[in-house]
Structures are given as C-alpha cells and as structure tokens.
Amino acid sequence: METAAEIVIALLLVVSGVFGLVGSYGLIKLSDPMMRLHAPTKATTLGVGGVLIASMLYFLVFGGAPSFHELMITLFLFLTAPVSAHFVAKAFLHRNIRREEVVPARHGSVWAGYSPAEDAPATGEADDRVE
Amino acid sequence: MMLRRLFPHPLLTIVLAIVWVMLVNTLTINAVVFGLGVGLVIPLITAPYWPGRPRLRHPVRIAEYILIVLWDIVVANVQVAGIVLFKRNADIRPAFISIPLELRTPEAITVLAGTITMTPGTVSSDVARDGRSLLVHCLDAPDPDAVTRQIKARYERRLKEIFE
C-alpha cells in the first residue's frame, strides 16, 4: 500500500515538474507577449495542481491526517491567475495595439481598455498614454 | 426576517466557515464553531460594501460546471504543452476574437472570463464598455468561429442556467 502510494506521488511530482518546465520553456520560445501569456496561465496550472495532489496524498498516507491547505492554494490560484492574466493582456493592448487594429466589439461598443479619453472622467487615464 | 438580518448572505457564511476550517487544517469542533463565528461576523460587517447579491441556482449544475472546467484545464494543459513543444512559431495562428455575450450579470461574465483564461488556448483580454462582448486571445485558432461556438455552447449556456 505504502509502496503504491509512493509510486503515485513520485509520478505526480515528475509529471507536474515536466509541465512546469514546458510552461517556462514556452515563455522563452513563443514570439509575442500575448502568446507568451498562454504558457504560464495553463501549463503551470497543471504543474502546480500535480504537486498539490501529491502533497495531499502524502499527508493522507504518511502524515496520518488529511491536509486541506492544498485545496486553499488551488482556490486562491484559480482566483488570482485569470485576474493577473487579464491585467497583463489589458496593459499590453492599451500600450501596444491601436484601437483600430483590434477586432471591434459587438453592438457598436468599444473595448473598456480603449475608452475614449474625452468622455471618461478625469482619472489620469489620458496621462497613461503619454510616452 | 430576523434570520435574514442575522445571515445577510448565507452562501458567504458557509464559504467563510469552510475556508476557515481548511486554513486551520484540522476538522475539529473548535475549528467549525469558530469558522461559523467568522462566517457570521464578516458578512454583517461588510454588508454595506456589497454591490449586489448574485442568486445562484441549481447546485448540481454548479458541481457539473466545476467538473467540466477542471477536466478542460487538464486537456488545455496537454494541448498548450503540445503547441509549445511541437509547433514551430511560424505555424501557430494566434487571433483576437470578439465574442458576443448573452450573459448580463457582472458575476456571470466574470466567471466566464476566468473560465476562458484557464481553458484551452484562450485568454480573455478585455470586455466591452456596454458589457455585451468579450475580447479573447487564442493561442492557435485556425477557425475563430469554432472557438466562439465552443465557448458559447460549453460554458456560457451552463452559466446562464446557474446565474440567470
């Protein structure tokens, strides 16, 4: 039983290590920032997930008591990863791609990141564009 | 009415209690009672700051949705790893697509955007000012319409049942 658990835990660690490596390699290999954003948001999720499952298994079999911290890490990761990816994407769009180059929003609306400066309240948004 | 004032947000109370027990990391009666206490006090204190209370329906549907998304994340990881490792940069076809939204509540759109970011080769990049379309970047999309159809059929339809 314990040997079987050890094998499963080792397998999980190796698999997640490989996914972590692929995610990091993607950062170097892919050519533009938007594509590079895909590597850490995905390949790494499974990498972290595998380590967390391995950790839960380890504490269940060898630690004597189930551990819940890993579920919390998963929860916080799922809350923060999309938000930070969204911020990076928005900042990239705002600074590097002109409004006319992006596919238009439906119903004649504009993307929030490109709100026209004149009808937006003075929040310093116009200052951000100066560079 | 009294119950409503004591538990302004029953779902938040339960979530906070569970989170507390998990943070303490031991399933004892002490932790559960203190967690419920935390879950009772925090909603009462923070009630004035909530923009609104989303109504959630169909708990079974929520469980189904979570399982589908978890499965898709595993698939997404393998697919993205395959693209990163085996496709030459010149062969990858990245694209921005504009997805029309049928969802109206901000909470549902947030969950959809988060789901899109975590699943196969897509990152949600921006939302329209009127909240009726979502800008999504695809890592490798030879057929952008197929991606739109898949997102609408697989995630948006389910979220509509849960939130609206």
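Look up a bit, the structure's there.
Residues numbered from 1 in each chain as written. Chains lettered and ligands numbered in written order. Predicted model: local features only at pLDDT ≥ 70, side-chain atom pairs only at ≥ 80, totals over all residues. Heavy atoms only, no water.

1. Some details on the interface of chain A and chain B
In step 1: Taken together, the 47 residues of chain A in the interface contact 45 residues of chain B.
In step 2: Buried surface at the junction of chain A and chain B, both sides included, amounts to about 4,000 Å², of which 71% is carbon and sulfur.
In step 3: Where chain A packs against chain B, one counts 1 salt bridge.
In step 4: Residues Lys90 of chain A and Asp126 of chain B are paired through a salt bridge, measuring 3.4 Å at the closest nitrogen-oxygen approach.
In step 5: At the junction of chain A and chain B, the tally comes to 10 residue pairs in polar contact (both at pLDDT 80 or more).
In step 6: Secondary-structure elements contributing two or more residues to the side of chain A that touches chain B are helix H1 (2–29), helix H2 (33–36), helix H3 (38–61) and helix H4 (69–96) of chain A.
In step 7: With 12 residues, the single largest contributor to the side of chain A that touches chain B is H4 of chain A. (Contact = heavy atoms within 4.5 Å. Buried area = accessible area lost by both parts, 1.4 Å probe. Salt bridge = Lys/Arg side-chain N within 4 Å of Asp/Glu carboxyl O. Polar contact = N/O pair within 3.5 Å; in protein donor to acceptor, adjacent residues only side chain to side chain. Helix = DSSP H or I, 4+ residues; strand = E, 2+ residues; numbered from the N terminus.)

2. Regarding the nonpolar core
In step 1: If you look at the biggest cluster of nonpolar residues, it comprises 24 residues, and the most contacted ones within it are Leu112, Leu134, Val136 and Ile151 of chain B.
In step 2: Breaking this core down by element, the ones donating at least two residues are helix H4 (59–86), strand E1 (95–100), helix H5 (106–118), strand E3 (133–138) and helix H6 (144–163) of chain B.
In step 3: In this view, Val136 of chain B contacts Ala95, Phe96, Ile97, Ile99, Ile116, Thr122, Val123, Ser124 and Ser125 of chain B; residues no more than four positions away in its chain are not counted.
In step 4: With 14 residues, the next largest nonpolar core counts Met34, Val102 and Ala105 of chain A together with Val123 of chain B among its residues. (Core = buried A, V, L, I, M, F, W, Y, C linked by side-chain atoms within 4.5 Å. Buried < 20%, exposed > 50% of the residue type's maximum accessible area, 1.4 Å probe, protein only.)

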